Amino acid sequence: MSPFHLIELAQRAQTVEELVSLAKEEKIKLSLDDAQIYFERWHGGEELSDDDLEEVGGGTGGAFGKTVCEFCGSGDLFIDVSGGYYCNGCNRHCWGKRLAP
């Protein structure tokens, strides 16, 4: 996932609820409150600041290896926009452990 992926989802969504649904399909954990912020920023014509873009950046795979839960080893992670990941394997918040490619 590129740092701009959440912005692209906000652009495609027609409602805040649709943005939450699109994010879930992409394994991004996004609260309704956070979705409201991104949706309003996109549809309100405002641009995200560099800090906002840094906050939503991240990913769980690709050329840098796979990220897994440091507690249970599951790769079934949602990106938590408040920081880190949410593991669907053990239902815990985690920071992720990067495996070598």
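The rules behind these values
- Residues numbered from 1 in each chain as written.
- Predicted model: local features only at pLDDT ≥ 70, side-chain atom pairs only at ≥ 80, totals over all residues.
- Heavy atoms only, no water.
- Core = buried A, V, L, I, M, F, W, Y, C linked by side-chain atoms within 4.5 Å.
- Buried < 20%, exposed > 50% of the residue type's maximum accessible area, 1.4 Å probe, protein only.
- Helix = DSSP H or I, 4+ residues; strand = E, 2+ residues; numbered from the N terminus.
- Contact = heavy atoms within 4.5 Å.
- pLDDT = per-residue confidence, 0-100.
- Polar contact = N/O pair within 3.5 Å; in protein donor to acceptor, adjacent residues only side chain to side chain.
- Pairing = 2+ DSSP bridges.

Caption draft 1: Focus on the nonpolar core. Among the nonpolar cores identified, the biggest contains 20 residues, and Leu6, Leu9, Leu19, Ile28, Leu30, Leu77 and Cys94 are the most heavily contacted of them. Of all elements in the fold, only helix 1 (5-12), helix 2 (16-25), helix 3 (32-43), strand 3 (77-80) and strand 4 (85-87) reach the threshold of two or more residues within this core. Per element, the largest residue contribution to this core is four residues, and it comes from helix 2. Those residues in contact with Cys94, other than ones at most four positions away along the chain, are Cys69, Glu70, Phe71, Leu77, Gly84, Tyr85 and Cys87.

Caption draft 2: Examining the confidence of the model for the protein more closely. When pLDDT is averaged along the protein, the result is 77, and 73% of the positions lie at 70 or above. The secondary-structure element of the protein with the lowest mean pLDDT is helix 4 (residues 50-56), recorded at 56, while helix 2 shows the highest, at 90.

Caption draft 3: How the structure looks around the environment of Gln14. Tracing the backbone through its elements, the reader meets Gln14 in the loop between helix 1 and helix 2. When its relative accessible area of 60% is taken as the criterion, Gln14 is described as exposed. For Gln14 and Phe39, which are 25 residues apart along the polypeptide, the C-alpha to C-alpha distance reads 8.8 Å. Among the polar contacts made by the side chain of Gln14, one reaches the main-chain carbonyl oxygen of Arg12 at a distance of 3.4 Å.

Caption draft 4: Local environment of the environment of Gly84. In this fold, Gly84 is placed in the loop between strand 3 and strand 4. Since its relative accessible area comes to 18%, Gly84 is described here as buried.

Caption draft 5: Inspection of the sheet that holds strand 4 at higher detail. With mixed pairing, four strands are arranged side by side in an open sheet as 1-3-4-5. The open sheet terminates on both sides in strands that have one partner only, identified here as strand 1 (28-29) and strand 5 (92-94). Here strand 1 runs beside strand 3; their pairing, made up of two bridges, is parallel. Its bridge partner being in strand 3, Lys29 is matched across the sheet by Asp80.

Caption draft 6: Here's a closer look at the pairing of strand 3. Residues of strand 3 alternate between two faces, with Leu77 and Ile79 on one and Phe78 and Asp80 on the opposite face, all of them buried. Of the pairings in the sheet, the one linking strand 3 to strand 4 comprises three bridges and is antiparallel in character. From the neighbouring strand, Ile79 faces strand 4, where its bridge partner is Tyr85. With antiparallel pairing between neighbouring strands as the criterion, strand 3 and strand 4 make up a hairpin whose turn holds four residues, including Gly83 at a positive phi of roughly 130°.

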